[in-house]
Amino acid sequence: MPTMTEAELDTAYTHLCQTMTGLGEARASLFLARFALLAMVRIGDPATLQRLTDAAAADISS
Amino acid sequence: MNRPFKPYPFTARQYPASLPPLQDGVDKIRRPVVVVGGGPVGYCTALGLANHGVSVVLLEADDSVCFGSRAICISRRSLEIITRLGAAEGFLKLGLPWTGGRSFYREAEVLHFKMPMDENQKHPPMINLAQYSIEQFLLDAAERRSDKIEIRWQNRVTAIAAREDGTSLTIDTPAGAYTMEADWVVAADGGRSFLREALGLRLKGASYEGRYVIVDIVLDSARPAERLAYFDPPCNPGSTVLVHKQPSGVWRVDYQLRDGEDPDEAIKPENVMPRVESLLAMMGENGAWSPVWIGIYKANALTLDDYRHRRVLFAGDAAHLLPIFGVRGANSGIDDADNLAWKLAFVVKGIASERLLDSYSTERVAAARENLGYGTKSTEFMAPPSFAFDLMRKAVLGLAVKFPELRSLINPRQSSAIAYTHSPLNAAVPDAEFSAGPAPGTVLPECPLAIVDGASTREGHLTDLIGPDITALYFTEDGAVPAGLAACEAEMRARGIPFALVPLARSGVAASARGRDYTGRLFAMYDAAPGTLYLVRPDGHVFARWRRFDAAAVTGAIDHLLQP
């Protein structure tokens, strides 16, 4: 599995935040849904996807 | 709920206005260097110039050191610089050293970070010290150098004429106005720099909307010094709160205003006290406390494009405004001063061309842009500039306990030494021969060693051997130096170039050795073998290195440094 440096993660995180800022709050949910779908097909492993979906939902609060 | 304020545990000396001897309202003497601004950057510049034997007049608009809560963290790199300036004793005695911090999201600890600290270091990665103390210790050192540094209090610059051949300043004081001529002016007059405005120069970059209230309190607490960050804490839901312990029982609390909160209302004591009270209750701090000072802060990430304007050189906040998150404000200004002092001194003394001062701008603008990059990232996390940064931060904080690989996104990216990797001053030497150690442009990694001073030996560190010189660190078996290198030293000295040959011995102790690698770590750290030579600038940055001494190469690298 490819690993990122902390700096690379940081850059990717900032790019995602800036992209979402540009799209505006109204389209943020759809943007994140599309990103999740693209990440799913790229990850390509059903067990991992199951685990990540559960982890993202666990302890979620507003 | 209002509490009476207490004064800071510090009393500033007040100084009367001073005027130089005048002739027709003009300072009788044209000065080689005038520093405008008596803050940390102004003092460090003046002390650096004095170390190089250059006289300086320092103009300060106020009658004392600063008041209130400003810079509070001094980095290891700044301590190294201040040590060279002969002012570190007070910093190390009073300052509170710390090595890391904790971040909390609601009630859970989500990050415990450590800054680099190992047995090789001379100084802690950071100390906390209030700016009034920082300025006081630097002022004390400047007063010890009254042979070279003349401080004029209550001298406010009201006009400047910057020419190609010099600068005229008009100065107002309670004792009367006067004008003076200077070959060079250092503008260290702070974030609202009058000189920058008067010369029509513009800072460029971003300003952030998120505002922080800054509160200093005195609090009775034995809690150790570390950086504490609370995101969305139960005591102040929706806000971010930072806590720093300072010397003499002072604590600095910074908290973010909620969206839509009115800043003027927010800093009223009756609105501040309950938030501090609930924070202290959440932290379990039950000791007596009193407010000392309240201010407000908005993050800026701005810089001038060029720090040289004719014969005026900008440094510190006058040149760039960095966000507080990551503590780069004062620390980058101290680095500016350290970079500028030797270059300006060399130009004033006529041993280097004016182009050396252009490299001050090149190097420090690049450093500011690197600092701005880190500072912007810290600010985007600490004061999210949009709903997206806010939403993503909430996701990071909520997942960080179970997913440690996300924790680096919370890390405050504290200030660290910057390398001048692409500096025009670095010698064009193929560096591939080395597999470790500081490449040209980098500061010296610290290492303990035995310092040999004639017949006596004491424990010290490598940076103790860097004086106001171009230093040649020559790695040897026993300290013996080839005749060619000694001749090189003699030639430099004959040309008036401050050059120090520092032989480092691996095992033996020839009389000429200045340091001995008693830990056995130094040679490995520098990927050195007997014959390895590093050339180091007066600000501690390496500018050339070779596996073996070659007189023509050394002379060429130094000539390139002085006539870039």
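Everything numeric in this text was worked out from a predicted model, so none of it was measured. (Residues numbered from 1 in each chain as written. Chains lettered and ligands numbered in written order. Predicted model: local features only at pLDDT ≥ 70, side-chain atom pairs only at ≥ 80, totals over all residues. Heavy atoms only, no water.)

(A) Structural detail: the environment of A162 of chain B. Structurally, A162 of chain B is set in strand β11 (residues 156-163). Placed 339 residues apart in sequence, A162 of chain B and L501 of chain B show a C-alpha to C-alpha distance of 39 Å. (Helix = DSSP H or I, 4+ residues; strand = E, 2+ residues; numbered from the N terminus.)

(B) A look at unusual backbone geometry. All names here are of chain B. Although it is not a glycine, Q154 adopts a positive phi angle of roughly 55°. Along the chain, the position of Q154 falls in the loop between β10 (149-152) and β11. In this model, R310 sits at a positive phi of 55°, which is unusual for a non-glycine residue. Relative to the elements of secondary structure, R310 occurs in the loop between β19 (308-309) and β20 (312-314).

(C) How the structure looks around helix α1 (residues 40-51) of chain B. Residues and elements named next belong to chain B. Given a rise of 1.5 Å per residue, 12 residues ought to cover 16 Å, and the 16 Å separating the end C-alpha atoms of α1 matches this to within 8%. Of all the 12 residues making up α1, 11 are buried; the element is thus mostly covered by neighbouring parts of the structure. All of the buried residues in α1 are P40, V41, G42, Y43, C44, T45, A46, L47, G48, L49 and A50. (Expected span 1.5 Å × (residues − 1). Buried < 20%, exposed > 50% of the residue type's maximum accessible area, 1.4 Å probe, protein only.)

(D) How the structure looks around the interface of chain A and chain B. In this complex, chain A contributes 20 residues to the contact, which on the side of chain B involves 20 residues. By the criterion of area lost to chain B, the three top residues of chain A are L9, D10 and Y13 of chain A, representing 33% of everything that side buries. Between the two partners, chain A and chain B, sit two salt bridges. In this structure, the salt-bridge partner of D10 of chain A is K377 of chain B, at a minimum N-O distance of 3.1 Å. Residue assignment for the side of chain A that touches chain B shows that the elements contributing at least two residues are α1 (6-23) and α2 (28-43) of chain A. Of all the elements, α1 of chain A adds the most residues to the side of chain A that touches chain B, at 11 residues. (Contact = heavy atoms within 4.5 Å. Buried area = accessible area lost by both parts, 1.4 Å probe. Salt bridge = Lys/Arg side-chain N within 4 Å of Asp/Glu carboxyl O.)

As far as function goes, none of this settles anything; it's purely spatial.
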